[in-house]
Amino acid sequence: MKYYLIVGEASGDLHASHLMEAIKKQDSNAEFRFFGGDNMTAAGGTRVRHYKELAYMGFIPVLMHLPTIMKNMALCKKDIEQWQPDVVIPVDYAGFNLSICKFLKKLRKKKRTTRPKTFYYIAPKIWAWKEYRIKNFKRDVQEMFCILPFEVDFFEKKHNYRVHYVGNPTADEVRKFKAEYTETHEEFCNANNLNPYSPIIAILAGSRIQEIRDNLPSMLQAAQFEGYQYVIAAAPAIDDSVYAEITKGYNVHIVRNKTYALLSHSTAALVTSGTATLETAIFNVPQVVCYKTPMPKLFRWAFNHIIKCKYISLVNLIADKEIVQELFADRFTVEDIARELENILPNGNRREIMLDGYENVRQRLGDTSAPENAARQMIELLKK
């Protein structure tokens, strides 16, 4: 069968590549075409566009690049119609992908056919904001494959929209890495010009350029505890020059394409909200979640009165209680970041409490393979 996948960022590229590998194991005739990245390219098939040409975040950046976004959307629609896949699999990235889903619904109606099917893999976080988008999913998406256990209640109980929970791919990826990774702490440090006798504090400042420019300066100002070395995990799509500009004057190291290895050897971490918070937890690294927002007091009011969830980090959302400290909006200050970092360092008063909480998160996620489950269910549905 023919599978068309669409991702808009680095994490989607990684998850989609593993889904492709799982599909190939169960469908020997699988053909792939996609908007994606290097991981998907390595998995095989034809890349139409790199996700770097899609990944714009925030009102102003999107507005500035609107002609490019619209051009890529038109290309994607035309390419799907010409290639005639059996299924289109959007991966997260709601803004772009929901427009494609709407197009697919119209295309099926126009052609008077049941294909291409629309199978959404990894639900966008509409349970946090833009909940009104549920009407788009119910209207345009035939099957939804979720990766967070609490999403089942949100979609099925609250909105009467049946979904499939397939397990969590991040948990899969971390478990697989830990099972295969053999580099010692000394070897990792020597390979990356680090001091093997100085404990590491990892800094994961986001995957998009605006996130990094917003969050990293304050993280660096807070990361001033003696006896530690600070290591930034560079995002795949961000050029070295961006980090060089922000880190000028700081004694900090940068590693690229080694985030999991870095977390394996870290004592603590400063992390922006997103998938990285969950990865850090599964690696059992105590963390402080840091996220700068515009108009912090207004954002705090909106979070308390409008936004539909209690937390911003996946760790706390999955546990349904506060395990990691979330420093965002009016709590995002250098002083708060430094204080909470001190609390999770060895002998800090929150370190062991956080580690105990991580165990609860791992149990809730389970140990099933999300890509294998999703691939099997997708193929079964396509064959009906």
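Above: the structure in question.
Residues numbered from 1 in each chain as written. Predicted model: local features only at pLDDT ≥ 70, side-chain atom pairs only at ≥ 80, totals over all residues. Heavy atoms only, no water.

Quick look at the pairing of strand β8 (residues 200-204)
- In terms of residue burial, β8 counts as a mostly covered element, since 5 of its 5 residues are buried.
- Covered by surrounding structure in β8 are Ile200, Ala202 and Leu204 together with Ile201 and Ile203, the residues of both alternating faces.
- Note that β8 and strand β9 (residues 229-234) share 4 bridges and pair parallel. Looking at β9, one finds that isoleucine 203 is bridged to isoleucine 232.
- Taken together, β8, helix α10 (residues 209-222) and β9 constitute a β-α-β crossover, and its handedness is right-handed. (Buried < 20%, exposed > 50% of the residue type's maximum accessible area, 1.4 Å probe, protein only. Helix = DSSP H or I, 4+ residues; strand = E, 2+ residues; numbered from the N terminus. Pairing = 2+ DSSP bridges. Right-handed = clockwise from strand over helix to strand, strands pointing away.)

Notes on the nonpolar core
- Judged by nonpolar contacts, the single largest core of 122 residues is most densely connected at Tyr3, Leu5, Ile89, Tyr121 and Phe155.
- Element by element, the count of residues in this core is highest for helix α18 (residues 370-383), at 7 residues.
- Of all hydrophobic cores here, the second largest spans 16 residues; its members include Phe35, Ile80, Phe96 and Ile100. (Core = buried A, V, L, I, M, F, W, Y, C linked by side-chain atoms within 4.5 Å.)

What to know about the pattern of salt bridges
- Enumeration over the complete set of coordinates arrives at 17 salt bridges.
- A salt bridge links arginine 47 to aspartate 38; its shortest N-O distance comes to 3.5 Å.
- One salt bridge in this structure joins lysine 157 and aspartate 153, with 3.6 Å as the shortest N-O distance. Of this pair, lysine 157 and aspartate 153 both sit in helix α7 (residues 150-158), separated by 4 residues, roughly a single helical turn.
- Since its relative accessible area comes to 68%, lysine 157 is described here as exposed.
- Taking the relative accessible area as the measure of exposure, aspartate 153 reaches 40% and is therefore partly exposed.
- By sharing partners, the salt bridges in this structure join Glu81, Lys110 and Lys111 into a single network. (Salt bridge = Lys/Arg side-chain N within 4 Å of Asp/Glu carboxyl O.)

Describing a nonpolar patch on the surface
- Side chains of Met295, Leu298, Trp301 and Ile306 sit close together on the surface and give an oily, nonpolar patch of about 450 Å² of accessible area.
- For leucine 298, the position within the fold is in helix α14 (residues 296-305). (Patch = residues over 30% accessible without salt bridge, like charges linked within 9 Å, V, L, I, M, F, W, Y side chains within 5 Å. Areas by Shrake-Rupley, 256 points an atom, 1.4 Å probe, with all protein chains shown as cover.)

A closer look at the side chain of histidine 50
- If you trace the backbone, histidine 50 turns up in strand β3 (residues 46-50).
- With relative accessibility at 11%, the residue histidine 50 sits in the buried group.
- One polar contact links histidine 50 to aspartate 38, side chain to side chain, over a distance of 3.3 Å.
- Leaving out residues up to four positions away in the same chain, histidine 50 has contacts with Gly36, Gly37 and Asp38. (Polar contact = N/O pair within 3.5 Å; in protein donor to acceptor, adjacent residues only side chain to side chain. Contact = heavy atoms within 4.5 Å.)

Brief notes about unusual backbone geometry
- With an omega dihedral of 5°, the bond running from arginine 115 to proline 116 counts as a cis peptide bond.
- Tracing the backbone through its elements, the reader meets proline 116 in the loop between α5 (94-111) and β5 (117-121).
- With phi around 60°, asparagine 257 is a residue other than glycine that occupies positive phi space.
- Along the chain, asparagine 257 falls in the loop between β10 (253-256) and α12 (259-264).
- Unlike most non-glycine residues, alanine 329 shows phi in positive territory, near 55°.
- With respect to the element layout, alanine 329 can be found in the loop between β13 (325-328) and α16 (334-344).
- Residue alanine 329 is classed as buried on the basis of its relative accessible area, which comes to 5%.

Let's talk about the pairing of strand β2 (residues 31-36)
- The pairing of strand β1 (residues 2-6) with β2 spans 5 bridges and is parallel. Each bridged residue has a counterpart across the sheet, and for tyrosine 4 the counterpart in β2 is arginine 33.
- For the segment spanning β1, helix α1 (residues 10-26) and β2, crossover handedness is right-handed.
- Regarding topology, helix α2 (residues 38-43) serves as the crossover connection from β2 to the parallel β3, and that connection is right-handed.

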